[in-house]
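Chain residues, written in single-letter form:
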Amino acid sequence: MDVTIFGTGYVGLVTGVCLAEVGNNVLCIDIDPHKIDLLNSGGVPIYEPGLDEMIQSNRTAGRLRFSTDAKAGVEHGLFQFIAVGTPPDEDGSADLQYVLAVARAIAEHMTEYRILVNKSTVPVGTADRVADTVREVQARLGRTVEFDVVSNPEFLKEGAAIEDFMRPDRIIVGTDNPRTAELLRALYAPFNRSHDRLMLMDVRSAELTKYAANAMLATKISFMNELSNIAEAVGADIEKVRVGIGSDPRIGYQFIYPGCGYGGSCFPKDVRALERTARGLGYEAELLRAVEAVNFRQKTVLFRKLNDYFGGELGGKTIAIWGLSFKPNTDDMREASSRVLMEALWEAGARVRAYDPVAMDEARRIYGERPDLILVNDALSALDGADALVVVTEWSQFRSPNFNAIRSRLRIPVIFDGRNILDGSLARAAGLTYVSIGRAPLK
Ligand code: NAD
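Since we're looking at a predicted model, the values are computed, not measured.

Engineer: Account for the sheet that holds strand β11 (residues 373-375), naming residues and giving values.
Structural biologist: Within the open sheet, the six strands sit side by side as β11-β10-β9-β12-β13-β14. Their pairing is parallel. In the strand order of this sheet, the two ends are held by β11 and β14 (433-435), each with one partner. Neighbouring strand axes in the sheet, compared pairwise and without regard to direction, differ in orientation by 20 degrees on average. The pairing of strand β13 (residues 414-417) with β14 spans three bridges and is classified as parallel. When the bridges of β14 are listed, V414 appears paired with T433. Packed onto the sheet, helix α13 (residues 301-309) meets β9 (318-322), β12 (388-391), β13 and β14 and runs at close to 160 degrees relative to β13.

What follows is the structure, given as structure tokens:
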């Protein structure tokens, strides 16, 4: 089938390459000419495991092409995927300008039936706005070409995006039109083989399902972070509590790890956007507000622990940071906890020596050259001349470090583990003080 994807970010690129992988003919459109040039010259603008190889093989096979030409995109695909960003507006609601710009572009160039498939995370009612936008443009141009707007939210996780797309837990299709539903079912058939995971529903329920999923996951994290602070206050160990509650199958072990807050391009903005949607309709979403507030506070927990340890004297100190991306296996630093920590440290007059396996270029892009940020090429080099080590992202390679090497390279032997991934007793045996989340420090 012929498929067009608008937007070559995490979602658009992964959607495009996975649809090409199963034999479709995919044209990806982006307004960013640098991204398109890079993709056309064999580069990949983001880090995502397995993506690079799949792009190259599908480009070579001629099933995957990249262009800035929206008209060519509209002419190409029966399916017109919208996978552009929906960043937070000033008040936290989702900014739909990019989605509606794509809708206008499709409307301007559409000469035969098209299915607009919305993959971006958008507030309930956006499909109607997209349809209205297409109709307005058509009315202006004096045309009436048939089209449908489908809600098809994406649930992939950065860092495991290809796997998630190829073997989805569910494929949500929101449409009231049975013919469109069948076409989407056919497009997704290769990803829906072992048992039927395509869930057909009305458009508004599909749009809300995406927000509901992210809000639930964010709630689990904030709940555990709230409990970790209580555990610390009462002298309990949150990791023991985690194991204890996870054994109840109604709770389960997934996604109940305490830490230093959630980040990324989805949870923070989607929780906020859902809360703003509710408020706009006269409903105060108290729980969602609390989820956001707890997370906001949790992102400062590492700074507060450091500040306490150093008696409020962080000026002139050098802090080593392991992990800059908002989670492992991605270079994405949007709303990352590392940023809140680094910015607070700089404010307090401290310097940062940081290492991340893949997000160093992204850190350079965000912060540029500055004297209080030294990016180093390996984890141990971050420790040279540093007064403390802080683990912010749970990359696998940080889980079992050489504690003796850490001890000998740090100026002051102390580790702050923002994800509870290190073995504190081994750290202590090597002569380090080990400070973690939701339990007493080991000295
Ligand atoms: P992104 O910012 O990585 O990429 C968006 C891309 O769209 C950019 O390359 C931009 O240049 C392009 N773009 C903007 N306007 C355009 C236009 N008019 N025509 C063509 N291209 C245009 O965004 P993302 O992380 O891929 O997210 C896209 C959407 O999917 C968002 O709504 C997001 O909430 C949602 N989502 C993201 C994830 C994730 O893990 N990143 C997961 C599920 C859903």
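Engineer: Give a description of helix α1 (residues 10-21) that names residues and reports values.
Structural biologist: Residue pairs spaced three or four apart in an α-helix point in one direction, given the helix's 3.6 residues per turn. Over its twelve residues, α1 runs 16 Å from end to end, which matches the ideal 16 Å to within 8%, given 1.5 Å per residue. Of all twelve residues that make up α1, twelve are buried, and the element is covered over most of its length. When we look at burial in α1, the residues that qualify are Y10, V11, G12, L13, V14, T15, G16, V17, C18, L19, A20 and E21. The secondary structure elements touched by the buried residues of α1 are β1 (2-6), β2 (25-29), α3 (51-60), β3 (64-67), β4 (79-82) and α7 (161-166). Positioned one or two residues after α1, G23 has a phi angle of 110 degrees, which is positive.

Engineer: Run through the pairing of β2, naming residues and quoting values.
Structural biologist: Counting buried positions along β2 yields four of five residues, so the element is predominantly enclosed. Where β1 and β2 come together, five bridges link them in parallel fashion. Bridge pairing in β2 links T4 to L27. Here β2 runs beside β3; their pairing, made up of four bridges, is parallel.

Engineer: Please set out the site of the ligand residue by residue, giving values where relevant.
Structural biologist: Around the ligand sit 27 residues in total, of which G7, G9, V11, S120 and T121 are the nearest. Elements with a contribution of two residues or more to the shell around the ligand: α1 and α5 (97-109). For the shell around the ligand, the class distribution of residues is twelve nonpolar, nine polar and six charged.

Engineer: Tell me about the confidence of the model for the protein chain, and name the residues and values.
Structural biologist: Averaged over every residue, the pLDDT of the protein chain is 97; residues scoring 70 or more account for 100%. Taken together, the chains of this predicted complex give a pTM of 0.94 and an interface ipTM of 0.99.

Engineer: Let's hear about the packing of α5 against helix α6 (residues 126-141): which residues, and what values?
Structural biologist: Put simply, α5 and α6 touch, their axes get as near as 8 Å, and they point 40 degrees apart. Comparing the axis directions of α5 and α6 gives the class oblique. Seen along the crossing, α5 lies across α6 with a hand that is right-handed. Residue-level inspection shows V99, L100, A103, R104, I106, A107 and E108 of α5 in contact with α6, the latter providing T126, R129, V130, T133, V134, V137 and Q138.

Engineer: Give me the lowdown on the UniProt feature "domain: UDP-glucose/GDP-mannose dehydrogenase C-terminal" (unreviewed entry) in the protein chain, citing residues and values where you can.
Structural biologist: Following the UniProt record, one finds the feature "domain: UDP-glucose/GDP-mannose dehydrogenase C-terminal" (unreviewed entry) at residues 320-424. Segment residues 320-424 splits into 26% helix and 18% strand. End C-alpha atoms: 18 Å apart.

Engineer: So what's going on with the UniProt feature "binding site: substrate" (unreviewed entry) in the protein chain? Residues and values would help.
Structural biologist: UniProt feature "binding site: substrate" (unreviewed entry): in the numbering of this structure it lies at F155, L156, K157, E158, K210, F255, I256, Y257, P258, G259, G263 and K327. Separation in sequence by 173 residues is matched in space for these annotated residues, since their most distant C-alpha atoms are 23.8 Å apart. By the secondary structure assignment, K210 is in helix α9 (residues 203-234). In contact with K210, other than residues within four places in its own chain, are T121 and P153. Along the chain, the position of I256 falls in the loop between α10 (238-246) and α11 (267-280). For I256, a count of 18 C-beta atoms within 10 Å corresponds to the partly exposed category. Excluding residues within four positions of it along the chain, I256 makes contact with K220, M224, R242 and G246.

Scoring rules and cut-offs
Residues numbered from 1 in each chain as written. Predicted model: local features only at pLDDT ≥ 70, side-chain atom pairs only at ≥ 80, totals over all residues. Pairing = 2+ DSSP bridges. Helix = DSSP H or I, 4+ residues; strand = E, 2+ residues; numbered from the N terminus. Axes fitted to C-alpha atoms, helices over the stretch in contact; angles between N-to-C directions. Contact = placed C-beta atoms within 7 Å. Expected span 1.5 Å × (residues − 1). Buried ≥ 20, exposed ≤ 12 C-beta atoms within 10 Å, placed from the backbone. Near = placed C-beta within 6 Å. Nonpolar A, V, L, I, M, F, W, Y, C, P; charged D, E, K, R; others polar. pLDDT = per-residue confidence, 0-100. Parallel < 35°, antiparallel > 145°, perpendicular 65-115°, else oblique. Left-handed = near helix turned anticlockwise from the far one by under 90°. UniProt positions renumbered as here; feature names shortened; annotations may be inferred.

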